[in-house]
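Close look at the chain arrangement
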Amino acid sequence: ACCHGGGAMAASGAVVHGARRRCSASTSSTSSSSSSYPLRYASSSSSSSSSRSAFLVCMVLMSSLEGSLAFTGGTLPLLRHGNMPCTRERRHADIVTMNSDISETMGRRSMLGSILLISSFVASAGAGAKEGTATVDTSASIDLTTPEGNAKAQVTDKAYFDVSIGDSKNTSRIVIGLYGGIVPKTVENFKGLVKGSPGYGYKGTEFYRIVQGLQISAGDVLNNNGRSGKPAINDGEPFEQENFKIMHTAPGIVSMQNTLEKTVDSRFFISTRREIDMGYSKIFDNKYVAFGKVIEGLDVIEKLDSLETKSGLFDKGVNSGKPKEKVVIQDCGLL
């Protein structure tokens, strides 16, 4: 009982039950006409003294382990009436008081834990905001589903991916419009990887994860498994998120995937939502840098989204969503 929640109630209940037995013993040895019997909890016998000492030690340990006021809440109701007659009403009152004290204590512990958890979350969020690399300005958000948004976001470059599925030699083309006027550094990085100018790039890499109805991911130029990446700029080192101006409302939005340090490298993902979805947008807005949109080949995106994925024992977590058939970028470049 000392090692689990509710131990105080169990241990204290045992003492009350023991007291009840002692009261019964006292009843048999005194006059039957008496309505109450002056039995004291602090008995002078060595056995009752040892039992009380063991109980007190147990309650102290419980108080230490559980971090509650089990000792004061569980024992005082029993000890403070030591000089009073041991009537049935008194025993019942002790049990009710003790249970109430323990419930109140556990409630306070639960509330304190919740407060600490929320405080920790707020503190970490505040720290993340201070350490954030991109400036969040919601007033400057660009919604590509509106005429105003499209007027602000002009396509500066077009990149293409010719992809194959499985063993087929046929390829299907995806064309992505890039918004270099809004996120120039991110677009420069993407263009470099499309061209393979640093000696490595997207050609020959795979779409390594499919989350059906949500997104498809690619761009691991090192290991093809989504766990690594390498940018074409910044001497091959991950760089800071540029900004979050472009929202994720429109189908086919292309965004950079974040590293654990909230930087970006070569990995990216494409939204596979087929309609305008504000809920989807809220998940990714102000967290991931959107820099382009699929302007041709949305049917190819839908086909990739519908592919079966592996679901074996080891296809969980970071390995989840891997397509059963390889989806390879056979060729890519700028138009």
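The rules we used
- Numbering of residues starts from 1 in each chain and follows the order in which that chain's sequence is written.
- A pLDDT threshold of at least 70 governs which residues receive local features in this predicted model, and a stricter bar of 80 or more applies before side-chain atom pairs are shown or counted, although totals over entire chains, interfaces and linings include all residues.
- Hydrogens and water molecules were not included; the side-chain quantities draw on all heavy atoms of the structure.
- For the purposes of this entry, the term helix denotes a DSSP run of H or I that reaches at least four residues, the term strand denotes a run of E that reaches at least two, and both are numbered from the N terminus.
- We call a residue buried when its accessible area falls under 20% of the maximum for its residue type, exposed when it is over 50%, and partly exposed in between, using a 1.4 Å probe and counting protein chains only.
- Only heavy atoms enter the contact rule, under which two residues are in contact if any of them lie within 4.5 Å.
- Between any two strands, at least two bridges found by DSSP are needed for them to pair.
- The predictor's confidence in any single residue is recorded as pLDDT, a number from 0 to 100.
- A carboxyl oxygen of Asp or Glu within 4 Å of a side-chain nitrogen of Lys or Arg is what we treat as a salt bridge.
- Under the pairing criterion, centres of Phe, Tyr and Trp rings, with the six-membered ring standing for Trp, must be within 6.5 Å; the plane angle then separates stacked pairs below 30 degrees from edge-to-face pairs above 60, leaving the rest tilted.
- Consider the ring centre and the ring normal. A charge sits over the ring if Lys NZ or Arg CZ is within 6 Å of that centre and within 35 degrees of that normal.
- Charge assignment: positive for Lys and Arg, negative for Asp and Glu; neither His nor the chain ends contribute.
- Each polar contact in these results corresponds to two N or O atoms within 3.5 Å; when the atoms are within protein, one needs to be able to donate a hydrogen and the other to accept it, and residues that are neighboring in sequence are counted only if both atoms are side-chain atoms.

**Section: the overall build of the chain**
A count of helical and extended segments in the chain gives eight helices and nine strands. Expressed as a percentage of its 335 residues, the buried residues of the chain come to 40%. Taking the contacts inside the chain whose residues are at least 6 apart along the sequence as the reference set, 68% of them involve residues at least 24 apart.

**Points about the pairing of strand β2 (residues 172–178)**
Most of β2 is tucked away: five of the seven residues are buried. In terms of strand pairing, strand β1 (residues 157–165) meets β2 through seven bridges, oriented antiparallel. Residue pairing across strands places V163 opposite S172, the latter belonging to β2. Adjacent in sequence and paired antiparallel, β1 and β2 are bridged by six residues, among which G166 carries a positive phi angle near 65°. Relative to strand β8 (residues 290–296), β2 runs antiparallel, the two sharing four bridges. Within β8, the residue paired with V175 across the bridge is E296.

**Considerations on unusual backbone geometry**
In this model, D235 sits at a positive phi of 55°, which is unusual for a non-glycine residue. Locating D235 in the fold gives a position in the loop between β4 (215–218) and β5 (239–240). The class of D235 is exposed, set by a relative accessible area of 79%. Phi is positive for K262, close to 60°, though the residue is something other than glycine. With respect to the element layout, K262 can be found in the loop between β6 (253–258) and β7 (263–271).

**Focus on the confidence of the model for the chain**
On average, residues of the chain score 73 in pLDDT, and 56% of them reach the 70 mark or higher. Taken as a whole, residues 1–47 scores under 50 in pLDDT and shows 59 contacts with residues more than four places along the chain or in a different chain. Under a pLDDT of 50 for its full length, residues 63–84 has, in the predicted model, 52 contacts with residues more than four places off or in other chains.

**What about the environment of I182?**
Relative to the assigned elements, I182 resides in the loop between β2 and α6 (184–195). According to the relative accessible area criterion, I182 is buried, its value standing at 11%. Residue contacts for I182: discarding those within four places in its chain leaves I142, K152, A153, N243, K245 and I246.

**Structural notes on the pattern of salt bridges**
A full pass over the atoms with the stated rule returns seven salt bridges. Across the pair E206 and K326 runs a salt bridge, and its minimum N-O distance is 3.8 Å. Here the residue E206 occupies a position in the loop between α6 and β3 (207–211), and K326 occupies one in the loop between α8 (298–305) and β9 (327–334), the gap between them amounting to 120 residues. Residue E206 is classed as buried on the basis of its relative accessible area, which comes to 15%. Taking the shortest distance from any N to any O, the salt bridge between R273 and E275 comes out at 3.8 Å. Residue classification places R273 among the partly exposed positions, given a relative accessible area of 27%.

**A word on the packing of aromatic side chains**
If you walk through the whole model with that rule in mind, you get eleven aromatic pairs. When the centroid spacing of 4.9 Å and the interplanar angle of 50° are considered together, the rings of F190 and F291 count as tilted. Pair noted here: F190 is in helix α6 and F291 is in strand β8, with a separation of 101 residues, a long-range link. As far as the burial class goes, F190 and F291 line up, both buried. With 5.5 Å between their ring centres and 90° between their planes, F269 and Y288 make a pair best called edge-to-face. You can see F269 sitting in strand β7 and its partner Y288 sitting in the loop between α7 (278–284) and β8, a full 19 residues away along the chain. Relative accessible area serves as the criterion here: at 3%, F269 is assigned to the buried category. Just above the ring of Y160 sits the side chain of R173; from NZ or CZ to the centre is 4.0 Å.

**Remarks on the side chain of D143**
Mapped onto the secondary structure, D143 falls in the loop between α4 (88–131) and α5 (147–152). Put simply, D143 is tucked away with no salt bridge, and the nearest opposite charge, on K293, sits 8.8 Å away. For D143, the side chain forms a polar contact with the side chain of T249, separated by 2.5 Å.

**Considering the side chain of T259**
Locating T259 in the fold gives a position in the loop between β6 and β7. Among the residues examined, T259 registers a relative accessible area of 11% and is labelled buried. Side chain to side chain, T259 and T263 meet in a polar contact 2.6 Å long. Those residues within four positions of T259 in sequence are excluded, and the remaining contacts are V264, D265 and R267.

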